[in-house]
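Listed below, chain by chain, are the residues.
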Amino acid sequence: MNTKTQAQKEQLLADLRKTRDDILKEMKALSAKKRDMVFPGIWSVKDLMAHLAGWDYTNLDAVGSVLAGKLPAFYKYRDRDWQTYNAMLVAKYKRDSFRELLSLIKSSQKELIDFLQPLPPESFGRDFGVRYRGYKVTIRRLLEADIKDGRVHFQQIKDFFKEKK
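Residues numbered from 1 in each chain as written. Predicted model: local features only at pLDDT ≥ 70, side-chain atom pairs only at ≥ 80, totals over all residues. Heavy atoms only, no water.

1. Focus on empty space enclosed by the protein
Item 1. Tallying each qualifying case throughout the model produces one cavity of 30 Å³ or more.
Item 2. Roughly 70 Å³ of volume is contained in the largest cavity.
Item 3. In terms of lining residues, the largest cavity is bounded by Leu16, Thr19, Arg20, Ile23, Leu52, Gln109, Asp146, Ile147 and Gly150.
Item 4. Going through the elements one at a time, α1 (3–28) and α7 (139–163) are the ones with two or more residues in the lining of the largest cavity.
Item 5. With four residues, the single largest contributor to the lining of the largest cavity is α1.
Item 6. Partitioned by chemical class, the residues of the lining of the largest cavity number four nonpolar, three polar and two charged. (1 Å grid on protein atoms, 1.4 Å probe; cavity = no way out; pocket = protein on both sides within 12 Å on 5 of 7 lines; lining within 4 Å. Points joined across faces, edges and corners; volume = space filled by probe spheres on them. Helix = DSSP H or I, 4+ residues; strand = E, 2+ residues; numbered from the N terminus. Nonpolar A, V, L, I, M, F, W, Y, C, P; charged D, E, K, R; others polar.)

Structure (structure tokens):
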């Protein structure tokens, strides 16, 4: 096993966890009223939680597809900012209770990481021949996109609710 690829894998998984932990810390600090408030765009914090849980399950499926050399199913919903797919995820995973959503978002990420943890580090950057419009789809790229999206949402929450204090 290459220690560099192992370190890269561990860093990627650590970044997934940290990004989610940062988001959850911000969400937990909000009042119940603020958790239902729509902030930039069309989502409330609860909608965002459903979105994040949905992408955990999407990525779980997507990693399996990439490992099998197949394009992940979610690509058939590609549109501007994944609006259609994100709306489907929010509709599917949203719960009325913040506590239920908190449990869901923790378990969805745990399932994803538990699936990723035993994979060989080399598989994260490996080219399994999966392409979308010429773009090489790898496990690493899927996870990096998830981390980037999580960081954007974290900053949105911080910025918006900082002004509402």
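2. Focus: the packing of α1 against helix α3 (residues 45–67)
Item 1. Where α1 contacts α3, the axes come no closer than 11 Å and their chain directions differ by 160 degrees. Comparing the axis directions of α1 and α3 gives the class roughly antiparallel. Handedness of the α1/α3 crossing: left-handed. Where α1 abuts α3, its residues Arg20, Ile23 and Met27 lie against Val45, Leu48, Met49, Leu52 and Asp56.
Item 2. Among the residues forming the contact of α1 with α3, the class breakdown is six nonpolar, no polar and two charged. (Axes fitted to C-alpha atoms, helices over the stretch in contact; angles between N-to-C directions. Parallel < 35°, antiparallel > 145°, perpendicular 65-115°, else oblique. Left-handed = near helix turned anticlockwise from the far one by under 90°. Contact = heavy atoms within 4.5 Å.)

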